[in-house]
Amino acid sequence: MHELSQQDFNEVKPLLTGAPIHPEILSIIEGNNPGWIFVDQLVTPKSALVWSKGMQGFYIIGDHTNEIFIKSLDSYVSSQIVPRMKKLGLEYFEVSGQHNEWNLALMFPSRKLYPFEQMVFKLFHKPVESLNNAIRIINLKMLEWEDLEAMDMLLLMELRLWVCVILVSLRRILMLSELKLSPSIRIEEWGLI
């Protein structure tokens with residue numbers, strides 16, 4: 001196993017084909033959010049473990065039949081990743097496969113796995129679209145700030161931001177209170193708790 005440097009994160013982008021793309025994974029690969037990426041091989045990786053700092057969890061992407069990756073991941077996590085997590089104050093290891101083909105029990109044979117359900121919130125109405133789907137620059141020092149349409153748009157953007165903040169907070173509260181709510185796997189025998 002090898003850790004990629006941030007400038008090489010795009011090496012794993014081809015691994016996202018053929019399965020649903022989680023926005024968290026893509027944002028890390030494209031350098032928009034902080035994270036780590038570990039691969040089976042530096043040249044043309046077949047499988048990868050992606051850590052999202054914001055979600056404080058891991059995603060496994062790529063070839064779910066990659067024997068080298070599957071057999072080496074458990075010991076690599078114990079020797080290389082757990083010490084880094086401890087330094088960040090993390091007391092659990094959460095991992096999700098990019099798709100349901102990943103056999104996490106096979107990948108972590110020495111660990112006790114705890115599945116939990118994920119809460120998904122669905123938007124029941126289509127959000128208001130801006131004119132021509134264009135980006136609109138609003139200068140708060142100019143008179144256009146007084147334009148009610150501009151203010152409504154900013155308030156809607158702020159509301160969406162706070163909804164995201166609340167959802168992340170709820171997720172952390174639920175994880176801390178031991179409610180098992182995600183198709184992810186929590187591994188609690190790392191000696192982190």
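Residues numbered from 1 in each chain as written. Predicted model: local features only at pLDDT ≥ 70, side-chain atom pairs only at ≥ 80, totals over all residues. Heavy atoms only, no water.

Chemist: Where do I start with the packing of aromatic side chains in this structure?
Modeler: For any two aromatic rings, the description comes down to two numbers: the centre-to-centre distance and the angle of the planes. For the coordinates displayed, the defined rule picks out seven aromatic pairs. Ring centres of Phe93 and Phe108 lie 5.9 Å apart, and the angle between their planes is 65°; on these two criteria the pair is classed as edge-to-face. Pair noted here: Phe93 is in strand S5 (residues 93-97) and Phe108 is in the loop between helix H3 (104-107) and strand S6 (113-116), with a separation of 15 residues, a long-range link. The exposure class of Phe93 is buried, given its relative accessible area of 0%. With a relative accessible area of 1%, Phe108 lands in the buried category. One aromatic cluster is present, formed by Trp36, Phe38, Trp51, Phe58, Tyr76, Phe93 and Phe108 through successive ring pairs. (Phe/Tyr/Trp six-rings, centres within 6.5 Å; stacked < 30°, edge-to-face > 60°. Helix = DSSP H or I, 4+ residues; strand = E, 2+ residues; numbered from the N terminus. Buried < 20%, exposed > 50% of the residue type's maximum accessible area, 1.4 Å probe, protein only.)

Chemist: What's the story with unusual backbone geometry in this structure? I'm lost.
Modeler: What is expected of a backbone is that most residues other than glycine have negative phi and most peptide bonds are trans. The backbone of Thr44 sits at a positive phi, close to 50°, despite the residue not being glycine. Mapped onto the secondary structure, Thr44 falls in the loop between strand S2 (35-39) and strand S3 (47-52). Phi at Gln56 is positive, roughly 55°, even though this residue is not glycine. Relative to the elements of secondary structure, Gln56 occurs in the loop between S3 and strand S4 (57-62). Residue Gln56 is classed as partly exposed on the basis of its relative accessible area of 23%.

Chemist: Got a minute to help me understand the nonpolar core in this structure?
Modeler: Soluble globular proteins tend to bury their nonpolar side chains together. With 21 residues, the main nonpolar core has Leu49, Phe58, Ile60, Ile81 and Met107 as its most contacted residues. Elements represented by at least two residues in this core include exactly S2, S3, S4, helix H2 (67-87), S5 and H3. Among the elements that line this core, the one with the most residues is H2, at eight residues. Setting aside residues up to four positions removed in sequence, Leu49 forms contacts with Trp36, Ile37, Phe38, Phe58, Tyr59, Ile60, Phe69, Leu73, Val77, Ile81 and Val95. Membership of the second largest hydrophobic core comes to 15 residues, among which are Ile28, Ile29, Ile37 and Ala48. (Core = buried A, V, L, I, M, F, W, Y, C linked by side-chain atoms within 4.5 Å. Contact = heavy atoms within 4.5 Å.)

Chemist: What exactly am I supposed to notice about the side chain of Ser47 here?
Modeler: Mapped onto the elements, Ser47 comes out in strand S3. Here the side chain of Ser47 touches Asn66 through a polar contact of 3.2 Å, side chain to side chain. When residues no more than four places from it in sequence are discounted, the contact partners of Ser47 are Leu15, Phe38, Val39, Asp40, Ile61, Gly62, Asp63, Asn66, Phe69 and Trp102. (Polar contact = N/O pair within 3.5 Å; in protein donor to acceptor, adjacent residues only side chain to side chain.)

Chemist: Please clarify how the pairing of S2 should be interpreted in this entry.
Modeler: On any regular strand, side chains alternate: one points to one face of the sheet, the next to the other face. Of all five residues that make up S2, five are buried, and the element is covered over most of its length. Where strand S1 (residues 2-3) and S2 come together, two bridges link them in antiparallel fashion. Of the residues in S2, the one forming a bridge with Glu3 is Phe38. With five bridges connecting them, S2 and S3 associate as antiparallel partners. Bridge pairing in S3 places Trp36 opposite Trp51. (Pairing = 2+ DSSP bridges.)

Chemist: Looking at this structure, how should I read H2?
Modeler: Two residues of an α-helix separated by three or four positions point the same way, owing to the 3.6 residues in each turn. Between its first and last C-alpha, H2 extends 30 Å over 21 residues, near the 30 Å set by a 1.5 Å rise per residue. Taken as a whole, H2 carries its principal kink of about 45° at Val77. Tucked into the core, H2 has its buried residues touching S1, S2, S3, S4, S5 and H3. Where H2 begins, the side chain of Asn66 points an oxygen toward the backbone nitrogen of Ile68, at a separation of 3.3 Å. The first or second residue beyond H2 is Gly89, which carries a positive phi of 80°. (Expected span 1.5 Å × (residues − 1). Bend = angle between axes of the 7 residues up to and from the residue.)

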